[in-house]
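# Per-entry structural report
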Amino acid sequence: DTEVTQTPKHLVMGMTNKKSLKCEQHMGHRAMYWYKQKAKKPPELMFVYSYEKLSINESVPSRFSPECPNSSLLNLHLHALQPEDSALYLCASSQDGRAPLHFGNGTRLTVT
Amino acid sequence: GQQLNQSPQSMFIQEGEDVSMNCTSSSIFNTWLWYKQDPGEGPVLLIALYKAGELTSNGRLTAQFGITRKDSFLNISASIPSDVGIYFCAGSNFGNEKLTFGTGTRLTIIP
């Protein structure tokens, strides 16, 4: 079982909807990550939070808005997404911002 | 973004065979990682390597950190059906929060 928990497992949303993805870890890790993965491709980094502060934004469109309420929680707020945003969204954590990263099982997002 | 060159892209083997795959980079990494991903799930960490030349085993899996720090190898001995999946290598450097992923090797076991 993964120690990084993501909800929901699946999400279908329209282009005008607002939804949120949630991630939780209780390993005491101080860095948390959002990755996007398209089919048959490796994960692509979106955001990194280190000690609850946003440290990396990989030029992600503003329709994706991350939030780190505390060191155990990470959210990704979604608004006005496009069909091409459909993908597996993975959350990960690491002890202090260095490898290895531990991944959750992802949220499979479909934008209609 | 940058990707590591991982080969082979796919492998079709029979149960019981040994498997070898590798990952190469044009730049140096201080840490090499190997992950396995099953359909619909997240990548699971298999082995982490922190020192050039290091050889580390995890059950039937053995990985090596290349001496040049620009490559890494993963071997699986006596493959079993649950070994099916996509294997990703990843590299990182100290003080850098980013992982650079390989392009993946898809392993299929032929009945």
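Located above this text is the structure these notes cover.
Residues numbered from 1 in each chain as written. Chains lettered and ligands numbered in written order. Predicted model: local features only at pLDDT ≥ 70, side-chain atom pairs only at ≥ 80, totals over all residues. Heavy atoms only, no water.

## Examining unusual backbone geometry
- Of note, the amide linkage connecting Ala 99 of chain A to Pro 100 of chain A takes the cis form, showing an omega dihedral of 5°.
- Mapped onto the elements, Pro 100 of chain A comes out in the loop between strand E9 (87–94) and strand E10 (102–103).
- For the bond running from Ser 7 of chain B to Pro 8 of chain B, omega is -5°, close enough to zero to count as cis.
- Of note in the backbone geometry, Lys 40 of chain A takes a positive phi value of approximately 65° without being a glycine.
- A positive phi angle, near 55°, is found at Ala 80 of chain A, a position not held by glycine.
- Looking at where Ala 80 of chain A falls in the secondary structure, it is placed in the loop between strand E8 (73–79) and E9.
- In this structure Ala 80 of chain A comes out as partly exposed when scored by relative accessible area, which is 29%. (Helix = DSSP H or I, 4+ residues; strand = E, 2+ residues; numbered from the N terminus. Buried < 20%, exposed > 50% of the residue type's maximum accessible area, 1.4 Å probe, protein only.)

## A look at the nonpolar core
- Judged by nonpolar contacts, the single largest core of 22 residues is most densely connected at Trp 34, Phe 64, Leu 76 and Leu 78 of chain A.
- Ile 13, Val 19, Cys 23 and Phe 65 of chain B belong to the second largest nonpolar core, which has 21 residues in total. (Core = buried A, V, L, I, M, F, W, Y, C linked by side-chain atoms within 4.5 Å.)

## Describing the environment of Val 19 of chain B
All names here are of chain B.
- Counting through the fold element by element, Val 19 comes out in strand E3 (residues 19–24).
- The buried category is assigned to Val 19, whose relative accessible area is 1%.
- In contact with Val 19, other than residues within four places in its own chain, are Met 11, Ile 13, Leu 74, Asn 75, Ile 76 and Leu 107. (Contact = heavy atoms within 4.5 Å.)

## Describing the layout of surface pockets
- Here the second largest pocket defines a volume of roughly 290 Å³.
- As for the second largest pocket, its lining consists of 18 residues, of which Lys 40 of chain A together with Pro 39, Gly 40, Ile 86 and Arg 106 of chain B are closest to the centre.
- Elements with a contribution of two residues or more to the lining of the second largest pocket: strand E9 (85–92) and strand E11 (105–110) of chain B.
- With 3 residues, the top contributor of residues to the lining of the second largest pocket is E11 of chain B.
- Per-class residue counts for the lining of the second largest pocket are 6 nonpolar, 5 polar and 7 charged. (1 Å grid on protein atoms, 1.4 Å probe; cavity = no way out; pocket = protein on both sides within 12 Å on 5 of 7 lines; lining within 4 Å. Points joined across faces, edges and corners; volume = space filled by probe spheres on them. Nonpolar A, V, L, I, M, F, W, Y, C, P; charged D, E, K, R; others polar.)

## What to know about the pairing of strand E2 (residues 10–13) of chain A
Residue and element names in this part refer to chain A.
- With burial as the criterion, only one face of E2 is covered, namely that bearing Leu 11 and Met 13; the residues His 10 and Val 12 on the opposite face remain uncovered.
- Direction of pairing for E2 relative to strand E11 (residues 107–111): parallel, over a ladder of 4 bridges. Following the sheet pairing, His 10 is matched in E11 by Arg 108. (Pairing = 2+ DSSP bridges.)

## Re the packing of aromatic side chains
- One pass over the full model with this rule turns up 9 aromatic pairs over all chains.
- With 5.5 Å between their ring centres and 85° between their planes, Phe 103 of chain A and Tyr 35 of chain B make a pair best called edge-to-face. Here the residue Phe 103 of chain A occupies a position in strand E10, and Tyr 35 of chain B occupies one in strand E4 (residues 31–37), the pair thus bridging two chains.
- Relative accessible area serves as the criterion here: at 5%, Phe 103 of chain A is assigned to the buried category.
- Residue classification places Tyr 35 of chain B among the buried residues on the basis of a relative accessible area of 0%.
- Grouped by ring-pair contacts, the aromatic residues Tyr 33, Tyr 35 and Phe 103 of chain A together with Tyr 35, Phe 88 and Phe 101 of chain B constitute a single cluster. (Phe/Tyr/Trp six-rings, centres within 6.5 Å; stacked < 30°, edge-to-face > 60°.)

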